[in-house]
Amino acid sequence: MRLPDEQDEKGMSPRVTYTIVAVSILILIILAYVLISNSKNKSNHIYNQNTATAEPLPTATVSTEGTVKFTDGETDLETLYKEHKLTSQDLEFWDMYDEEEKDVEAQASPAASLGPTPVPSHEPTDEEKAADGNHILVSYKDGTQEWVEIDDKIPKSDYDFTKMKTVNGKMTYYDGNKKLSRLGVEISEENGTVDFETLRDEGIDFVMLKVGARGYGTGLITLDQNFITNIEAASKAGLEIGVYFCSQAVTVDEAVEEAQFVAANLIPYKITYPVALRMESIKNDTARTDILDTEQKTQIVETFLKEVGREGHDAILYGDRDWLLSEILSSEILKKYDVWLTDQSPVPDYPYQFKMWEYAGGESINGVGREVNYTISFVDYSKR
């Protein structure tokens, strides 16, 4: 039960109600006036301009109570209406807020701040890539080819091949009369018995000996049958020695295993040239590494080379141009490690720096009963 003088909390006070009613009446009156004014204009009723402009119109305001007042304090809306002193132009203030909102929306619209439509860049054609000097054509093992952009962040080859001299298959790199290169051959059990002292007398400065390999089918690691004999004989002959391992690792753990295998077999000996990783594709047969993608091969290569470095040896990666540019992520490896390039063309078109170059295969030389491959080194690793 509610006392008579208690106010209904859910209802509105009389004052608010009167205000709403008054404002509603005002709006109805204004709308009626606009309609009447437009009707009179169509009937060509011309008002007395002298009367309309003889004195300034008072300004109308609406109070909080809902009543209409003017600046002269006396004139009411009905009087203005009768004397024709209120025109439709005087009601334009009702549209003022709509215009401001439109301006704000126009400024906030994303379309208003958009610049010119970008023009799509031109994709160079194969002919343009071939001529611009910034691309190189790479052949993949499946026979497809692709123009690959040369990475500016990888050191470039800067050899002057006019300074190369080859006599009886033996290449030397000169700067004037100064010899800048070292000559080597690769030796494995496939070369049979080798006379390393004769090799030294033939002008060979270093040998790259095969230390072992992982089977591309079985996955087993084996030591080259002649490795111990070869490394002891080469050391006795006073030749500089490096080694290489033929990898078929398919995991990083196997890469670590291979590097540790090489390091363990080098413990009794001193080598001055690098430990090389050879991870070539097997021609005309399937290999364990065929299941690997480029990223996986890159991880395996880097793992092996890092592990070799931890064992205190120089590490180098062996490969031809296509393998180095397509089978691994070049930017991950070629900036960090030396390259032993195999390329039997007169001038290699491999774009990046390489420290050793296997430039000839199937060569005959005194001291070896079977053919050998020649390698030139632009770095004397024995003095590093």
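Whatever comes next refers back to the structure up there.
Residues numbered from 1 in each chain as written. Predicted model: local features only at pLDDT ≥ 70, side-chain atom pairs only at ≥ 80, totals over all residues. Heavy atoms only, no water.

**Digging into the side chain of T289**
No. 1: Counting through the fold element by element, T289 comes out in the loop between β12 (275–278) and α10 (294–310).
No. 2: Residues in contact with T289, not counting those within four places in the same chain, are Q248, A249, V250, M279 and K297. (Helix = DSSP H or I, 4+ residues; strand = E, 2+ residues; numbered from the N terminus. Contact = heavy atoms within 4.5 Å.)

**Quick word on the packing of aromatic side chains**
No. 1: For the coordinates displayed, the defined rule picks out 18 aromatic pairs.
No. 2: Taking the centre distance of 6.0 Å and the plane angle of 10° together, the rings of Y359 and Y374 count as stacked. Placement of Y359 in strand β15 (residues 356–363) and of Y374 in strand β16 (residues 372–377) is noted, with a sequence separation of 15 residues between them.
No. 3: Judged by its relative accessible area of 1%, Y374 falls in the buried class.
No. 4: An aromatic cluster of at least three residues, connected via ring pairs, comprises Y159, F161, Y173, Y350, Y352, F354, W357, Y359, Y374 and F378.
No. 5: Taking NZ or CZ as reference, R278 lies 5.8 Å from the ring centre of W340, over its face. (Phe/Tyr/Trp six-rings, centres within 6.5 Å; stacked < 30°, edge-to-face > 60°. Buried < 20%, exposed > 50% of the residue type's maximum accessible area, 1.4 Å probe, protein only. Lys NZ or Arg CZ within 6 Å of the ring centre and 35° of its normal.)

**A few points about the packing of helix α9 (residues 252–266) against α10**
No. 1: Running from amino to carboxyl end, α9 crosses α10 at an angle of 30°, the nearest separation of the two axes being 8 Å. Comparing their axes, α10 and α9 come out roughly parallel. Crossing of α9 over α10 shows right-handed handedness. Contact residues: α9 offers V252, A255, V256, E258, A259, Q260 and V262, while α10 offers Q299, I300, T303, F304, E307 and V308.
No. 2: Of the residues belonging to the contact of α9 with α10, the class tally is eight nonpolar, three polar and two charged. (Axes fitted to C-alpha atoms, helices over the stretch in contact; angles between N-to-C directions. Parallel < 35°, antiparallel > 145°, perpendicular 65-115°, else oblique. Left-handed = near helix turned anticlockwise from the far one by under 90°. Nonpolar A, V, L, I, M, F, W, Y, C, P; charged D, E, K, R; others polar.)

**A look at α10**
No. 1: Taking 1.5 Å as the rise per residue, α10 with 17 residues should run 24 Å; its terminal C-alpha atoms sit 24 Å apart, in good agreement.
No. 2: Listing the buried residues of α10 in full gives K297, T298, I300, V301, E302, T303, F304, L305, E307 and V308.
No. 3: Residues of α10 that are buried in the fold lie against β11 (240–246), α9, β12, β13 (315–319), α11 (321–326) and α12 (330–333).
No. 4: Two to three positions downstream of the cap, the backbone nitrogen of E295 sits 3.2 Å from a side-chain oxygen, assigning the N-cap of α10 to D293.
No. 5: In the segment just after α10, G312 is the residue with positive phi, at about 90°. (Expected span 1.5 Å × (residues − 1). Polar contact = N/O pair within 3.5 Å; in protein donor to acceptor, adjacent residues only side chain to side chain.)

**Structural notes on the nonpolar core**
No. 1: The biggest cluster of nonpolar side chains holds 65 residues, and the ones touching the most others in it are F196, V207 and F304.
No. 2: Not counting the four nearest positions on each side in its chain, F304 is found in contact with F245, A255, E258, A259, V262, V275 and L277. (Core = buried A, V, L, I, M, F, W, Y, C linked by side-chain atoms within 4.5 Å.)

**Side note on a negative patch on the surface**
No. 1: A contiguous patch of negative charge, built from D126, E127, E128, D132, E149 and D152, is present on the exposed surface.
No. 2: Relative to the elements of secondary structure, D152 occurs in the loop between β4 (145–149) and β5 (164–167).
No. 3: Judged by relative accessible area, which is 70%, D152 ranks as exposed. (Patch = residues over 30% accessible without salt bridge, like charges linked within 9 Å, V, L, I, M, F, W, Y side chains within 5 Å. Areas by Shrake-Rupley, 256 points an atom, 1.4 Å probe, with all protein chains shown as cover. Salt bridge = Lys/Arg side-chain N within 4 Å of Asp/Glu carboxyl O. Lys, Arg positive; Asp, Glu negative; His and termini not counted. Charge placed at Lys NZ, Arg CZ, Asp CG, Glu CD.)

**Here's the deal with the sheet that holds β5**
No. 1: Taken together, three strands build an open sheet; the order of strands is β5-β6-β7 and the sheet is antiparallel. Both outer strands of the open sheet, β5 and β7 (178–179), are each paired with one neighbouring strand and no more. (Pairing = 2+ DSSP bridges.)

**Some points on the pairing of β13**
No. 1: For β13, a buried count of five out of five residues is recorded, marking the element as mostly surrounded by other parts of the structure.
No. 2: Residues A315, L317 and G319 line one face of β13 and the alternating positions I316 and Y318 line the opposite face, and both faces are buried.
No. 3: Running through α10, the crossover from β12 to the neighbouring parallel element β13 is right-handed.
No. 4: Across four bridges, the pairing between β13 and strand β14 (residues 338–342) is parallel. Note that in β14 the partner of I316 across the bridge is D338. (Right-handed = clockwise from strand over helix to strand, strands pointing away.)

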